[in-house]
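Per-entry structural report
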Amino acid sequence: MTSEFMAPAATTTDAPTVRRGRFAGIRRALAPVREARGLPKWVLYVGLAIVLLFVVFAIFAPWISPYRFDQYLDSHGNRFPKSVVGGHPSAKHWFGTNALSTDVFSHIVYGSRTALEVIAIAVVISMLIGVPLGLFSGYYGGPLDRTLVLVNDAMFAFPSLLLAILIAFLLRGKFSFLGDSFSGIMSAAISITVIYIPQYFRVIRNTVISVREEPYVEAARVLGAKPRTVIAKYVFGNVVQNVPVIATLNAADALLTLAGLGFLGYGVQPTEGAEWGYDLQRALGEASGGVWWTSVYPGLAIVLLVTGLTLVGESLNDLLNPVLRRRQLLPVKITGPELEMANADAVMEERS
Amino acid sequence: MRQARSRAAIALVGTASLVALAACGSSSSGGNKSGGGGNNAGGNTKTIVWGSTDKPVSYDPAGAYDLPSWNVIYNVYQNLLRLDPTTEKNVPDAAQSCDPSADFKTWTCKLKPGLKFSNGDPLTAADVKFSFDRVIKINDPSGPSSLLAKVKTDAPDATTVVFHLASGNALWDYILSTGAGAIVDSKVFPADKKLADNKIVGSGPYELASYQTNQVAQFKPNPNYGGDLKLNNGGLVIQYYQDENALKLDVEQGKVDVVYPGLSPTADTELKGKSGVNVISGPGGAIRYLVFNTKTMPGGSDAQKRAIRRAVAFLIDRESIAKNVYQGTVQPLYTMVAKGLAGSEDVYKTEFGDTPDKSKAQQELQKAGVKTPVNLQIWWTPSHYGALSSDEYTEIKRQLEASGLFKVDLKSTEWEQYTANCLADKCPVYQLGWFPDYPDTDDYVGQFFGSTSFLNDHYSNAQVDSLLKDEEGTRDQAKRVDDFKKIQEITVADAPVIPYWQGSQIAITHGSVSGIQDTLTPDYIFRFWLLGKS
Amino acid sequence: MARSSGSLSRYLVTRLLLVIPMVWILLTIVFVLMRVAPGDPVQAALGGRLPQSVIEQKRHELGFDKPLIVQYGHYLGGVLTGNFGHATSQNRSVMDIVTHEGAATLELSVAAMFFALILGLGIGVLIGRFRDSPLDVVGRLFGIITYAAPVFWVGILFQLLFVAKLGVLPSSGQADVLQNIDLQNHAHTHIYVLDAIINGNWDDLRNVLVHLILPGLTLGLLVCGVFIRLVRVNVIQTLKHDYIEAARARGIGETRVVLKHAFRNALVPVVTVVGLQAALLLSGAVLTETTFNWPGIGQALILYLNQRDYAAVQGIVTVFALIVVGVSLVIDIVTALIDPRVRYS
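Here is what the cut-offs are and how they apply
- Residues numbered from 1 in each chain as written.
- Chains lettered and ligands numbered in written order.
- Predicted model: local features only at pLDDT ≥ 70, side-chain atom pairs only at ≥ 80, totals over all residues.
- Heavy atoms only, no water.
- Helix = DSSP H or I, 4+ residues; strand = E, 2+ residues; numbered from the N terminus.
- Buried < 20%, exposed > 50% of the residue type's maximum accessible area, 1.4 Å probe, protein only.
- Contact = heavy atoms within 4.5 Å.
- Areas by Shrake-Rupley, 256 points an atom, 1.4 Å probe, with all protein chains shown as cover.
- Lys, Arg positive; Asp, Glu negative; His and termini not counted.
- Charge placed at Lys NZ, Arg CZ, Asp CG, Glu CD.
- Disulfide = S-S within 2.5 Å.
- Buried area = accessible area lost by both parts, 1.4 Å probe.
- Salt bridge = Lys/Arg side-chain N within 4 Å of Asp/Glu carboxyl O.
- Polar contact = N/O pair within 3.5 Å; in protein donor to acceptor, adjacent residues only side chain to side chain.
- Nonpolar A, V, L, I, M, F, W, Y, C, P; charged D, E, K, R; others polar.
- Phe/Tyr/Trp six-rings, centres within 6.5 Å; stacked < 30°, edge-to-face > 60°.
- Patch = residues over 30% accessible without salt bridge, like charges linked within 9 Å, V, L, I, M, F, W, Y side chains within 5 Å.
- Expected span 1.5 Å × (residues − 1).
- Arc of directions from axis to C-beta.
- pLDDT = per-residue confidence, 0-100.
- Core = buried A, V, L, I, M, F, W, Y, C linked by side-chain atoms within 4.5 Å.
- Pairing = 2+ DSSP bridges.
- Axes fitted to C-alpha atoms, helices over the stretch in contact; angles between N-to-C directions.

In this section: the overall build of chain A. Secondary structure summary: chain A contains 13 helices and 0 strands in total. Listing every helix and strand of chain A by position from the N terminus yields α-α-α-α-α-α-α-α-α-α-α-α-α. The 352 residues of chain A split such that 50% are buried. For chain A, contacts bridging at least 24 residues in sequence account for 73% of all contacts bridging at least 6.

When helices and strands are tallied, chain C shows 15 helices and 0 strands. With respect to the principal axes defined by its C-alpha atoms, chain C has extents near 85 × 60 × 40 Å. By the burial criterion, 54% of the 345 residues in chain C qualify as buried. Put simply, 73% of the contacts in chain C that link residues at least 6 apart link residues at least 24 apart. Surface exposure of chain C reaches about 14200 Å², of which carbon and sulfur atoms provide 69%. In chain C, 25 positive and 21 negative side-chain charges are present, and the distance between their average locations comes to 12 Å.

Moving on, we get to the state of the cysteines. Note on terminology: disulfide describes a covalent bond linking the sulfur atoms of two cysteines. Residue and element names in this part refer to chain B. Inspection of the entire model under this criterion finds 2 disulfides over all chains. Paired by a disulfide, Cys98 and Cys109 hold their sulfur atoms 1.8 Å apart. When the S-S torsion is 110°, as for the bridge of Cys98 with Cys109, the disulfide is right-handed. Placement of the pair is Cys98 in strand β4 (residues 95-100) and Cys109 in strand β5 (residues 106-111), with a sequence separation of 11 residues. This pair shows no difference in class: Cys98 is buried, exactly as Cys109 is. The disulfide partner of Cys422 is Cys427, and the S-S distance across this bridge is 2.1 Å. Where Cys422 bonds to Cys427 through sulfur, the torsion about that S-S bond is close to -75°, and the disulfide is left-handed. Assigned by exposure class, Cys422 and Cys427 land together as buried.

Much of the literature gives interface size as the accessible area that the parts lose upon coming together. Listed per partner, the contact involves 68 residues of chain B and 59 residues of chain C. Contact between chain B and chain C buries roughly 5000 Å² in total, counting both sides, with carbon and sulfur atoms accounting for 54%. Counting the contacts that link chain B with chain C gives 2 salt bridges. For the interface between chain B and chain C, the tally reads 19 residue pairs in polar contact (both at pLDDT 80 or more). Elements supplying a minimum of two residues to the side of chain B that touches chain C: α1 (2-24), α4 (145-148), β8 (206-212), β9 (216-221), β10 (235-240), α6 (244-252) and α13 (415-422) of chain B. If you tally residues by element for the side of chain B that touches chain C, the top one is α1(B), at 10 residues. When grouped by side-chain class, the residues that make up the side of chain B that touches chain C number 29 nonpolar, 27 polar and 12 charged.

On to the packing of aromatic side chains. Using the criterion set out here, one finds 47 aromatic pairs over all chains in the structure. Seen from their ring centres, A:Trp292 and A:Trp293 are 5.8 Å apart, and the 90° between their planes marks the pair as edge-to-face. Overall, the relative accessible area of 36% leaves A:Trp292 in the partly exposed class. When its relative accessible area of 7% is taken as the criterion, A:Trp293 is described as buried. Arranged with centres 6.5 Å apart and planes meeting at 65°, the rings of B:Tyr444 and B:Phe448 form a pair that is edge-to-face. Of this pair, B:Tyr444 and B:Phe448 are both found in helix α14 (residues 442-449), 4 residues apart, which corresponds to roughly one turn of the helix.

Once that is clear, we can look at the interface of chain A and chain B. With 5 residues of chain A at the interface, the matching set in chain B holds 5 residues. Our enumeration of links across chain A and chain B arrives at 0 salt bridges. The tally of links from chain A across to chain B stands at 0 residue pairs in polar contact (both at pLDDT 80 or more). Class assignment of the residues belonging to the side of chain A that touches chain B gives a composition of 1 nonpolar, 2 polar and 2 charged.

Residues and elements named next belong to chain A. Taken together, the side chains of Leu52, Val56, Ile59, Phe60 and Trp63 define a hydrophobic patch exposed on the protein surface, amounting to about 550 Å² of accessible area. Tallying contributions element by element places helix α2 (residues 39-59) first for the nonpolar patch, with 3 residues. On the basis of relative accessible area, Trp63 is assigned to the exposed category, the value being 68%.

Residue and element names in this part refer to chain C. For helix α4 (residues 68-80), which comprises 13 residues, the first-to-last C-alpha distance of 18 Å matches the rise-based estimate of 18 Å (1.5 Å per residue) to within 8%. Of all the residues in α4, the buried ones are Tyr72, Tyr75, Leu76, Gly78 and Val79. Looking straight down α4, one finds that the buried residues subtend no more than 160° of arc, so they occupy a single side. Across α4 from its buried face, at more than 90 degrees, point the exposed residues His74 and Leu80. Of the residues one or two after α4, Gly82 is the one with positive phi, at around 80°.

Okay, the pattern of salt bridges next. Applying the stated criterion to the full structure yields 34 salt bridges over all chains. The closest approach of N and O atoms between B:Arg480 and B:Asp440, which form a salt bridge, is 3.0 Å. With a gap of 40 residues between them, B:Arg480 in helix α16 (residues 477-494) and B:Asp440 in the loop between β17 (429-434) and α14 connect regions that are remote in the sequence. Each member of the pair, B:Arg480 together with B:Asp440, is buried. Residues C:Glu101 and C:Arg92 are paired through a salt bridge, measuring 3.1 Å at the closest nitrogen-oxygen approach. With relative accessibility at 4%, the residue C:Glu101 sits in the buried group.

Glancing now at the confidence of the model for chain A. Residues and elements named next belong to chain A. Across chain A, the average pLDDT comes to 76, with 78% of residues at 70 or higher. Taken element by element, the predicted model of chain A shows its lowest mean pLDDT in helix α13 (residues 337-351) (47) and its highest in helix α4 (residues 104-140) (90). In the model, residues 344-352 has pLDDT below 50 throughout and makes 11 contacts with residues more than four positions away in sequence or in other chains.

Within the largest apolar cluster, 173 residues are counted, with the highest numbers of intra-cluster contacts made by A:Ile165, A:Tyr266 and A:Trp276. Ignoring sequence-local partners within four residues, the contact set of A:Ile165 consists of A:Leu261, A:Leu264, A:Tyr266, C:Val286, C:Ile302 and C:Leu305. With 83 residues, the next largest nonpolar core counts B:Val72, B:Val151, B:Leu229 and B:Ile238 among its residues.

This part is about the side chain of B:Glu395. All names here are of chain B. Relative to the helices and strands, Glu395 is located in helix α12 (residues 389-402). Under the relative-accessibility criterion, Glu395 is labelled buried at 9%. A polar contact of 2.5 Å, which involves the side chain of Glu395, links it to the side chain of Ser320.

So, about the pairing of β5(B). Residues and elements named next belong to chain B. Judged by which residues are buried, β5 turns out to be one-sided: Trp107, Cys109 and Leu111 face inward and are buried, whereas Thr106, Thr108 and Lys110, on the alternate face, are not. Judged from the 5 bridges that link them, β4 and β5 form a sheet pairing that is antiparallel. If you follow Cys98 over to β5, its bridge partner there is Cys109. Between β4 and the antiparallel strand that follows it, β5, lie 5 residues; Phe104 among them carries a positive phi value of about 60°.

Moving on: the sheet that holds strand β16 (residues 406-412) of chain B. Residue and element names in this part refer to chain B. Pairing within the open sheet is mixed, and its 6 strands lie in the order β14-β18-β13-β17-β15-β16. Each edge of the open sheet carries a strand with a single partner, namely β14 (330-332) and β16. Shown here is a sheet whose adjacent strand axes are inclined to one another by a mean of 30°, direction ignored. By the bridge criterion, 3 bridges tie β14 to strand β18 (residues 497-503) in an arrangement that is antiparallel.

Structure (C-alpha cells):
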C-alpha cells in the first residue's frame, strides 16, 4: 500500500535512485533491502549465513563428510558400531552412528544435499508454473480465472502434508528411468511442488488484481499499451517483489514437508540418499531407550535450516513490505515548499 | 480485559489442577478379572494380556484367510475337527466323527449333540451348512473361499453334515480344521455379507466381549462352551499395536504378558538380555525361496537354464543370510518342505552342499556352455515380507557376484504389482515366501511342483504329477512320506526353486506365563486356553 | 438494516452454492489419485497364493474390472448418500473408522488447540506490547522455532526427556490396556476424556489425561507459532490506532491499555484462524499420532495406505475433504457475520 501523498519528482534523498536498464524493475523492487538499517538487516544476515552453511555442506559433501552416507564399513572392512551398541558420539564418529551402522554426521552433511536438491527443484517448478498462472489468471480474469480460483481454494484448504503423502505414494517408482538415486528425489519434489503451486498462484493473482486497479496501470491501458507491455512493465515489477519472500518461506515449508514425508517413509529412500526425516523415523524407536544422538542432530539440522530460510524470508518481507517497513531516516537537505512535502511524506512513512 | 483475564485465569487453574491430578495418580497395573463359567482348570482366573502388531482382516470367518484373524477365529468358534497340538492330527471338536468315502469325494460328519453358541442358540447341522455356504456365496477377496473350492454341503438331519467335493481330497479334514471351517450362528450372521467384527458369535471356548478394531479385543470364557478343552486362564485381552517399539517397551515394563508373533530380529535380540523377559522360540512353517521362471530366465536352452539354476544353488550361502541379515531368527533351509513336517528331507544339502562352492558352480556353467558372467535379473518386494528383504537380496547379490560368475541386477516393486508381474511371466527370477494353510506336507509340495502350481514357473514333471496324485489320494502315512521324499529328490536336480530359510516362531513373555511352548507348534495356531499366568 | 441483511443473505447463499463445485473438484481429485494407484483388493489379498488366472476370474466376479466412469458414478453416488465405502483390508466401514479414530484425533486436536491458545495468546500479547525489544526477538524466534522444529522431532525430544530420562509420562497410546478396555466397554462419545467424565471413573480420566499431555503439547507447539505471529501483528496494529493514542493521552497505564483494548481486538482474528488451522492440525496430527502411537485418523490413513487399502484411503480422504470444506464454510460465514467488509466484496 503506497501512501496517499505521493511526492512528485521524488527528490528526497531517502527515495532510492535507480539506474535505468533492463533490470530496473527488479532493482527498484529490491532497493529497500540495500537501504535497510538496524535489526532487520542483521536478521537477514544471520539467516543467509545459516543457509549458506548448508549450501556449502550440500555442494562440498564428499569433501566435508568423513564417510559416505551409506557406508557401514571402515577402511579395514570392519562394521561400524550400531547405535545401541557402542554407537554414541566418539572421536571416529562425531555425532555417533545410527541403527543401520552409518555415521550420523555424514548423514547430516549428505542430507543437506538431498534437502537442497529437493527444495530447489520443488520451488523452481512451482514458481515456473504458479507465477505465470497467477499473472495471467489475475490479469485476464473471466471464467478461466474463476475456475482456477475454485480449484486453487479447494487444494489450498486441503491439508498439504496429506496431499503430498498421497502424491509421493503414487509417484513411487515412477521416476526410476532417471536412475535409482534420482527417482526418490524427483517424486518427493513433485509432490511438494503440487502443494505449493496454489500458494504462488494465490499471492501473485491477488497482487495482480490489486495492481491492475491502480490509476497508472489504468492510464497505460487507456493509452493503448498492449497487455504484454502492461504486465511486463508495471505489474511484474510489483509482483516480483513478493516472489523472493514466498520462495524462501516456501523453501522452509518444503523442507518440513520433505522431512514429514521421510518420517512416514514416503520420501527419499535410504539407498538413494541421506534424508533427515527418514533418520528421525529410525531414531524414534530408540528414543525411549535413551539413544539421543540419532534424533537430536538430524532434528537440529532441520530446525536450523528451516529457521535460516524463515529468517531470510521474514526479513525480506519486513524490508520489502511497505506496511511493516521501517526505514531509518537520513537527514533531508532540501529547502522551500518541498520541505513541507518531504517531511509530511517521511512522517507518513514512519507512522506506517 | 478483566473478564477475559479472569476467564483465562480460571482456565489455567483448571488445567493445572487436572494436570496435577493426572500426575499424582498412578496407573493401575496387573489385572485380576475372574471369568464367568467356562471350563476353568485349576481355578486360575487371571487375564492374559497379549500384545501384537498384527492387523487382523476379519473376525468373520467368511472374510479371513490370514493368520492374525485365524488366531482369533480358532478360539472363538468351533470347527467340526481341530488339530491336536502334540500329534498334529485332526481330532473331533464339534463333530464326534468325520469319515470320508472311498474316493474321498464325500465326507460325512456327525455332530455332538447339545452344543450351543455363546448366546444360547443351539448348534445344529443347519448352522454348519450355513457357515460353509456363506463363505462361498460371499466370495470375499480376503476370504478363504478358494480353500473350500466348490464344495456342496448338505444337512440331512440336525446332527449330520455331508460334504460333496468336486474332486476327491484326502486332506479335506485338514481344511475342516482351518479357519475356513469355523461354524457360525445362522441366526446372527447374514448369509450374503460379512458381520461386523464386534458382533461375532461362536461356540468356541472363548466369547468376544468387546472389540475396537486395531485397538483392544477382550475375550471371556464362553459360559455355554460344550467342548472338552480346559481353560488355564480367566480371559484374554489382545492389545493391538501399530508400532513395535511401543510394544517392546510395554512388555519390558510388564504392561503386556505375551508378545506374539515376535518383534523384528533386532528387537528380539535386544530383549533376550533383559531381566523379567523371556524370548521363547518354536518351530515355524514359513519358508523363503527363490523362484526361476523356467521360460523367461536367461539361458539359450533348457540345459543351459538348468545349469544356471544349479550354479546359483551351489553359490547361495544360507548361513550368512541367517546370521547377518536375520540374526539367527531363521534357520537355513535345504528343502521346500518345512522341517518338522512328515517326509522333509534336506535334498538341497545332499545335492549342492551347505557351503558355497564356486568351482562346482563354474563346472555346471562350463558343461552347458554358458558364457560368464551371467546377467541375472532378480526381483524382490520391499514391504510385504518385512523390511529385511532389502538386506536379504543385497546379500544374495553379493554372494552371487563374489564368485565372478554372475552379474546381478536387483529390481523391486510393491506387492500388488509384484505378484501381478512375477506370477505372469514378467520376472525371470524372483523372491517368494510361503505360509502353510495347514501343517501337511502336501500344502508345500503340491503348491510348488504340480503342473498347475500358482507359481506359473512352467516347470512340470510327469513323474512328480503322478506322485502328487498318489499321495493326495491316500491316508496311508507311510506311503505318503515315501511319495514326498521321491518328489523332493526328483525336483532338486532341476532346482526350479531354491529354498533358503525357514522361520522360527517367536514369543516373548514377561514374568511367568505358562503354556507358551505348548502352543508354538508348526500349525501356527495360537491357543488361548493353554496360556496361564501365575 | 434491511440492506445489510440482504447483502448478508446474498453472501451466504453465494457462499453455500460455492461449496458444491469445490466439493466436486476435491472428490474428483481424490478419485483420480486413488485410481492411479496400482492393484486391486483381489490381487492384494490373493496374489502369491493362487494362480493368476483364478485371481483374474475372481476380480471379474466381484466387479473390480468395471469401467472407470461406472466406478466414478458409484463413488459420487455413495458420497451423496453418506456411504463412504468399506475397507478391504479390514472388516469395517469407513464411517466406523471416522467415528472411532476420528474421535481420538478430535480429542488430540482439542488438547493441542488448548495448549496453542494459551501459549500463543500469552506470548503474542507480551511481545506485541514490547515490540522490537529483546523480548520481542526471543518471542518471535520462539514462534519461528516451534514452527521450524518438525513436530515429530519435538515429540521424540519429549520422549527422550520425559520417558527415557525422567520416566514420568507414557510414551505412547491413548490409555493403558485396562483403562482402554474399560472405556471401550462403557463408550458414549468415543472421546475418552468425555467418556471417563460421564462414567465418573477418575482412574480412567487420570490415565487418559496423562497420556494426552505429551502429544497434545507437541502438536500445540506446532500450531502456537502461527498464533504468536498473528497475535503479535494484531496487537501491533491495534496499538497504532488513534483511540489507543487517545487513551494513552488520557493517562491510562500502558498495561491496562494493552490488556483492555489490544487483547480483545487480537482475539477476533484468532477465532477465525483457529478454524483455518484445521488443515495444519490434520497434517500435524498425522505426524504426532505416528510418533506417539495415538490411535487417531491420521495414523489410520497411514496404516491403510501402507496396506494398500485404497478403498479405506479413498473414504478417509473424502471425509477429510468434506470436513475441510465444511470448516472453511463455517469460518467464512462467521467472518461474514462479524466483519461487514467481507460481504460487500
